[in-house]
Each structure stands twice: as structure tokens, then as C-alpha cells.
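# Structural description and commentary
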Amino acid sequence: YTTELAISLKCNQIIAEHRYFGKSVPDSADYEYLNSWQSASDHHRIIEKFKEFYTDKWIATGISKGGQTVMYLSYYYPDDVDAKVPYVAPLNYGTEDERIYSFLDNVGSGRCRRRIKKFQKFVLNNQDILRTEFEKLSDSKGYTYDLVGGSEAAFEYCVLEYPFAFWQWGYSDCKDIPRPDAKPKKIIQHMNSVAGFDYFADEYVIEFRPFFYQALTEMGYYGYKLDDFKRELKHVTESGFEFAMPEEVSLAFDPQLSIELDKFISDEAEDFIFIYGEWDTWSANAVELSGDTNSKVFFSRKGSHRTRIRHLSFEQQDEIYLLLESFLKD
């Protein structure tokens, strides 16, 4: 695919696969070498080699985890590129960063948030009926849920995921939330369209274990406020994503990297343009700048995790491309 910036700037583009993802997987499943420094060093080496051929200015960009990768690259190798444009990239402080909870308590309208919570409780209170349709849809798509603790636990996790995904992706409007008298099939189809059931399916979890490992050791992630559903939950007892990793894999989150990266981004990092969606749940953990650098953060009004430069106001777009021009000057 061709990225937004490559199209706008009519420039060459290199897409690098992340280590331990896709075909870039070692013979062994040893996670010792899956860390931010090793990953940043991959990209540093790629840039180093291709600079022999592409001798003009360089931009590093990426979306979500790719945006985090841009931040790590600049942290470890600050002189590698001339401009950095991370899209919707959070800077998390823990495996269950609690800023997410505050965000979900305040995003959008109070009426919409109340409707979401009411829908969640209705679904959990009627899960014995609704789970039949959940299992039918899952079977039709070949989903199994052994790693998360079975289909009962997977169903409850999907309900817990619903508000995070609702605001993250912005695929649905509050008026689209089914009412209690809706048919079970419609309710389940809606849930799947908002908080895809594949997220907790074995095949997805196994495929994205490298991501979960990084999230649970260095990058941080999010969890769920189980206390909000004490009476409704019957099967879920853990609020985080540790279920994604085999028990024999050691998981110890080190917050020091996030602390140091935050200080670097806020006070030192030059030539960054950060793009976020205002209503994207991940914007709860957006970077904050001290004003001591030339970097800048842009938010798309009511934007989601799908936010790109083209979704910003014309004034913001003009400012971004003027900034890029200044970053790329000789």
C-alpha cells in the first residue's frame, strides 16, 4: 500500500515488517530479543543501508504500534531521520493504564455513555440467551476461545471491550446501539461490528502474541474496570491481557522506558508531528509536549483511531505541511 505522506509528497517509500511479525519470525520462540531497542535497531540498520541510495531527506511514519515504533526509533537513534509523523500512537505508563478509564468516563455525551453502559449490563444479564447467537456467529467464522478461558469468558470479554472499541474505531453511532427488545441475532451482529469477536479468538491471539508480549513488558496497554460489573460478570476474573501469553513466558513490565520516553518526547525530541483523533480511546494516552521543542500535536475533532492528516481541518493540514517543509529544509 502507499501511505498518505508518500502520495502527498510524491516520495519513495519503504515499509519494514516488525520483528517477530509476519515472515520476520526467528526459528525459536525466544522473546529475549523482542524489545524496543532491538526493534529500533532493525529500522536503524535499514535506514543506514538505504541512505546509500536515497541521499535526500527522510521521514519516519507509522500508525498506532507503527507510530510507537517511530517514537522508539527517535529515542534510540535521534539523528536517523529528518521528520517523524506518528499517527494515533499512545504513550502508555502501565499494562492497564488507568487514564483510559477516565477517558471513557468523559468522552462524547453523557447520554451516549449511559446508553453504552446500559447496553453492556443488559447483554451480560442476558448472556445465557445471547451466547447462543454469539457461538453460532463464532462457529461460522471458525473462532475458538480456549486461550481466553472458553466461549463464556470470551463473550464477557467482548462486552467489556465494547466501549473501548466503540470510541476507538467510531464505526457506530449511539443511535445504532440495539434496544433491549431487539432480536438476539441483531444484538450479536452489532457487538461483532463494534468489538470484533476475533480479538479474543485463539488464532488472533497467537498471531499477535509478539504484540501482546511487547505491550505487557515495555509498551504498556489497557485493561477493564471489572468493578463496574461485579454483579453481571460470571466468568471473567482478570482485567488484563496476560491470558494472551503462555504461562512459561516471563512477563515483567518495566515502566522506566515509558518514563524516559515521555521526558524525551516532551522536552527534547525535535521535528515530530503527532496526529490523534479526539474521540479515539487511545488519545487518552496521547503524548504531551512541554513547548521546548519544535514538535506539535494535532487532534481531529471527534476523530477516531482511523484519523489521518486528510481528516483534519484545512487549517491544520496547511500547518502540518508547512511544518514538514520546515523540518525537511537543508
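Structure: above.
These lines cover the structure that appears in this document, whether it is placed above or below. Just so you know, these numbers come straight off a predicted model, no measurement behind them.

### Looking at the state of the cysteines
Under the defined criterion, the tally for this structure stands at 1 disulfide. Sulfur-sulfur distance for the disulfide between C112 and C174 comes to 1.4 Å. Classification of the bridge connecting C112 and C174 rests on its S-S torsion, roughly 75°, and on that basis the disulfide is right-handed. Placement of the pair is C112 in helix 5 (residues 110–125) and C174 in the loop between helix 7 (151–169) and helix 8 (184–194), with a sequence separation of 62 residues. For the pair C112 and C174, a shared accessibility class is recorded, and that class is buried. No disulfide involves C158; its sulfur sits 19 Å from the nearest other cysteine sulfur, which is in C174. When its relative accessible area of 1% is taken as the criterion, C158 is described as buried.

### Overview of a positive patch on the surface
A surface patch of positive charge is lined by R111, R114, K118 and R179. Mapping R114 onto the fold places it in helix 5.

### Observations concerning empty space enclosed by the protein
A water-sized probe rolled over the atoms picks out the places where empty space is left. Across all of its chains, the model carries 2 cavities of 30 Å³ or more by this definition. Lining the largest cavity are H18, R19, S36, S39, A40, H43, K65, T69, Y72, Q214 and M219. The set of elements that each furnish at least two residues to the lining of the largest cavity consists of helix 2 (36–50), helix 3 (65–76) and helix 10 (209–219). Of the residues forming the lining of the largest cavity, the biggest block, 4 residues, is contributed by helix 2. Of all the secondary-structure elements, those providing two or more residues to the lining of the second largest cavity are helix 3 and helix 11 (256–267). For the lining of the second largest cavity, the element with the highest residue contribution is helix 3, accounting for 3 residues. Broken down by class, the residue content of the lining of the second largest cavity amounts to 6 nonpolar, 3 polar and no charged.

### Digging into the side chain of E232
Along the chain, E232 falls in the loop between helix 10 and helix 11. In this structure, E232 is in contact with K121, L124, N125, Q127 and E156, ignoring residues within four places of it in sequence.

### A look at the packing of aromatic side chains
Counted by the stated rule, this structure contains 40 aromatic pairs. Relative to F241, the ring of Y224 lies with its centre 5.8 Å away and its plane at 45°, an arrangement referred to as tilted. Within this pair, whereas Y224 is found in the loop between helix 10 and helix 11, its partner F241 is found in the loop between helix 10 and helix 11, the two being separated by 17 residues in sequence. Note on F241: relative accessible area 1%, which makes it buried. Cation over ring: R308 sits above Y87, and NZ or CZ is 5.8 Å from the ring centre.

The rules behind these values
Numbers given for residues are sequential positions, taken from 1 along each chain in its written order. Only residues with pLDDT of at least 70 are given local features in this predicted model, and only at 80 or more are side-chain atom pairs given and counted; all residues enter the totals for whole chains, interfaces and linings. Calculated side-chain values reflect all of the structure's heavy atoms, with hydrogen atoms and water omitted. Here, a disulfide means two cysteine sulfur atoms that sit within 2.5 Å of each other. Secondary structure is summarised from DSSP: a helix means a run of H or I of at least four residues, a strand means a run of E of at least two, and numbering begins at the N terminus for each. Residue burial is assigned from relative accessible area. The probe radius is 1.4 Å, only protein chains are included, and a residue is buried under 20% of its type maximum, exposed over 50%, and partly exposed in between. Like-charged residues are merged into a patch within 9 Å and nonpolar side chains (Val, Leu, Ile, Met, Phe, Trp, Tyr) within 5 Å, provided each residue has over 30% relative accessible area and no salt bridge. Only the protein chains shown count as cover for residues, with accessible areas throughout obtained via the Shrake-Rupley method and a probe of 1.4 Å. Criterion for a salt bridge: a side-chain nitrogen of Lys or Arg within 4 Å of a carboxyl oxygen of Asp or Glu. Charge counting follows a simple rule: Lys and Arg are positive, Asp and Glu are negative, and His as well as the terminal groups are ignored. Where a charge lies is defined by one atom per residue type, namely NZ (Lys), CZ (Arg), CG (Asp) and CD (Glu). Here a cavity means grid points, on a 1 Å grid over the protein atoms only, where a 1.4 Å probe fits yet cannot get out; a pocket means an open set of points with protein on both sides within 12 Å along at least five of seven lines; lining residues are those with an atom within 4 Å of a point. Grid points are joined across faces, edges and corners, and a volume is the space filled by probe spheres set on the points. Classification convention: Asp, Glu, Lys, Arg as charged; Ala, Val, Leu, Ile, Met, Phe, Trp, Tyr, Cys, Pro as nonpolar; all other residues, Gly among them, as polar. By the convention used here, residues are in contact when the closest approach between their heavy atoms is within 4.5 Å. Stacked, tilted and edge-to-face pairs are distinguished by plane angle, under 30 degrees for stacked and over 60 for edge-to-face with tilted covering the rest, among Phe, Tyr and Trp rings (Trp via its six-membered ring) whose centres lie within 6.5 Å. Placement of a charge over a ring requires the Lys NZ or Arg CZ to be within 6 Å of the ring centre, with the centre-to-atom vector within 35 degrees of the ring normal.

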